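Below, each chain spelled out in residue letters.
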Amino acid sequence: MTSHPLALLLLTPFVAVFAYAAWHEWHRAREDGHSNYGLAYDPETDTTHVTLLDEGEAGYDPETDSPEAGADETDTKT
């Protein structure tokens, strides 16, 4: 098998997933209008994730926001 058909065979699933995601987002934007995505902090699991933000809401910025008020931010590793 030459390199061109092999490259096409390897790239086809990635192109298909990208095309599906683009179509899905276009369809969602056409139905719901513009959306604002941003980073949100979950204190239960101490993780962040990308989510749909409410109108006027700012996303979580890990460089300026502290996850919990009063949390011990010092690293005690030795």
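Residues numbered from 1 in each chain as written. Predicted model: local features only at pLDDT ≥ 70, side-chain atom pairs only at ≥ 80, totals over all residues. Heavy atoms only, no water.

A. Geometry of the pattern of salt bridges. One pass over the structure, following the stated rule, counts 1 salt bridge. Between E25 and R28 there is a salt bridge, with the nearest N and O atoms lying 2.7 Å from each other. Here E25 pairs with R28, and both are found in helix α1 (residues 3-32), just 3 residues apart, close to one helical turn. What makes R28 buried here is its relative accessible area of 16%. (Salt bridge = Lys/Arg side-chain N within 4 Å of Asp/Glu carboxyl O. Helix = DSSP H or I, 4+ residues; strand = E, 2+ residues; numbered from the N terminus. Buried < 20%, exposed > 50% of the residue type's maximum accessible area, 1.4 Å probe, protein only.)

B. Examining a nonpolar patch on the surface more closely. On the surface, a nonpolar cluster with roughly 290 Å² of combined accessible area is contributed by L6, L9 and L10. Note on L9: relative accessible area 55%, which makes it exposed. (Patch = residues over 30% accessible without salt bridge, like charges linked within 9 Å, V, L, I, M, F, W, Y side chains within 5 Å. Areas by Shrake-Rupley, 256 points an atom, 1.4 Å probe, with all protein chains shown as cover.)

C. Structural view of the pairing of strand β2 (residues 47-53). As judged from the 7 bridges shared by strand β1 (residues 36-42) and β2, these two strands associate in the antiparallel manner. Looking across to β2, one finds that Y41 is bridged to T48. The antiparallel pairing of β1 with β2 creates a hairpin that spans 4 residues between the two strands, and D46 there sits at a positive phi of about 60°. (Pairing = 2+ DSSP bridges.)

D. How the structure looks around the environment of L53. Following the sequence through the fold, L53 ends up in strand β2. In this structure L53 comes out as buried when scored by relative accessible area, which is 10%. When the C-alpha atoms of L53 and Y37 are compared, they prove to be 5.5 Å apart, with 16 residues separating the residues in sequence. Not counting the four nearest positions on each side in its chain, L53 is found in contact with N36, Y37, G38, A58 and G59. (Contact = heavy atoms within 4.5 Å.)

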